[in-house]
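Per-entry structural report
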Amino acid sequence: MTSLPTRRLGELEVSAQGLGCMGMSQAYGAGDEAESIATVHRALDLGVTLLDTADQYGQGANEELVGRAIAGRRDEVVLATKFGFVKSEDGKVAGIRGDAAYVREAAEASLRRLGVDHIDLYYQHRVDPTVPIEETIGAMAELVQAGKIRHIGMSEASAATIRRAHAVHPITALQSEWSLWTREIEAEIVPTCRELGIGLVPFSPLGRGFLTGQITSRDDFAADDMRRNLPRFSEENFQLNLDVVDAVRAVAGERGVTAGQLALAWVLHQGSDVVPIPGTKRRKYLEENVAATLVELSAADLAAIEAAAPTDTFAGGRYTPEMESLSGH
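Below: a short report on this structure. If you're wondering where the values come from, they're calculated on a predicted model, not measured in any experiment.

Observations concerning the pairing of strand β2 (residues 12–15)
Inspection of the sheet shows strand β1 (residues 6–9) paired to β2 by four bridges, in the antiparallel sense. Among the inter-strand pairings, T6 is bridged to a residue of β2, identified as S15. The turn joining β1 and β2, which pair antiparallel and follow one another in sequence, is formed by two residues; a positive phi near 55° is taken by G10.

Quick notes on the nonpolar core
Core analysis: the biggest nonpolar cluster contains 83 residues, and L19, Y122, M154 and L174 have the highest contact counts within it. If sequence neighbours within four positions are ignored, L19 has contacts with M24, T39, V40, A43, V48, L50, L51, D52, I277, P278, T280 and L286. Membership of the second largest hydrophobic core comes to 13 residues, among which are L9, L50, A80 and A173.

Considerations on the sheet that holds strand β8 (residues 119–124)
Taken together, seven strands build an open sheet; the order of strands is β3-β4-β5-β8-β9-β10-β11 and the sheet is parallel. The sheet is open, and its two edges are formed by β3 (19–20) and β11 (199–203), each paired on a single side. Summarising the sheet, strand β10 (residues 173–177) and β11 pair through five bridges and their orientation is parallel. Within the sheet, the bridge partner assigned to Q175 lies in β11 and is V201.

Details of the environment of R208
By secondary structure assignment, the location of R208 is in the loop between β11 and α7 (235–254). The exposure class assigned to R208 is buried, which follows from its relative accessible area of 9%. As for R208 and G23, which are separated by 185 residues in sequence, their C-alpha atoms are 9.9 Å apart.

So, the pairing of strand β5 (residues 78–83)
Two faces make up the sheet, and in a regular strand the side chains alternate between them. When you tally the buried positions in β5, you get six out of six residues, the bulk of the element. Side chains V78, A80 and K82 of β5 all project onto a buried face; the interleaved residues L79, T81 and F83 project onto the opposite face, where all are buried too. Bridge analysis of strand β4 (residues 50–52) against β5 gives three bridges, and the strand direction is parallel. Directly across from L50, in β5, lies its bridge partner V78. Pairing geometry for β5 and β8, over four bridges, is parallel. Bridge pairing in β8 links T81 to Y122.

Criteria and cut-off values
- Residues numbered from 1 in each chain as written.
- Predicted model: local features only at pLDDT ≥ 70, side-chain atom pairs only at ≥ 80, totals over all residues.
- Heavy atoms only, no water.
- Pairing = 2+ DSSP bridges.
- Helix = DSSP H or I, 4+ residues; strand = E, 2+ residues; numbered from the N terminus.
- Core = buried A, V, L, I, M, F, W, Y, C linked by side-chain atoms within 4.5 Å.
- Buried < 20%, exposed > 50% of the residue type's maximum accessible area, 1.4 Å probe, protein only.
- Contact = heavy atoms within 4.5 Å.

Structure below.
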């Protein structure tokens, strides 16, 4: 086994880059369990320790898959999962629950599906606006006391809510979207986390694959690919955004790396408390992503990237209005 550089999320030490496992079970077309498990094994062999899943990915199927993949290698893994989304039988998001009873119920179900006796980093996937955050974090703190989870995380929460939560129990990490094409958290969220000593875990650091430069047409998406329904991939925004990616790809070419590696290296250079979790279900892309941890960027490189993809340059929102309404509480 090789070892990647490590970073700290609060008191938790992890590899400088993690692996997002969602796409192995939902959202980006058909899955391949054998290749997905091989990808997890390859990640561990390369020194990736942080694996990220959630109870809602594939209606629990993703946790089960990750559980099978880490069987016999549990001690190599910093295992992260999330709770909060409630889905209807057809798989649609029906709401969010953060009440204490649900926190306990969800944790037990995740432990069962993962086949483990503890979760290293347990996130509230989205804040329930109908339940005081103190109740949710209080219930999670009881799970820490019981040894069922080791660290508490939050996802897509507002700065004010993060402060309230951290006052109840130390928050180890905040997971939010952060990449060259999503930079909203830089204004208030990132400074708040740094003030409180909370690590940052950017999801979709490759812009849902768009920043790799490998997606050149909406026809590249399978019929059931979630990106078909996201505003940034709409007919009217696609080409505008592709033009920016082409500029990023040109900068990458000058530096002898792929566009995806440049985009990941940019995220990694935002601070030593930043641990991106690019998602993939294939070993080939995993290896390309992991290599980005070794890419050094000079001040001139960062300036060139900024010039190619200035803040707010991308067209369209991150999510549909319905999904947007679930974030930022």
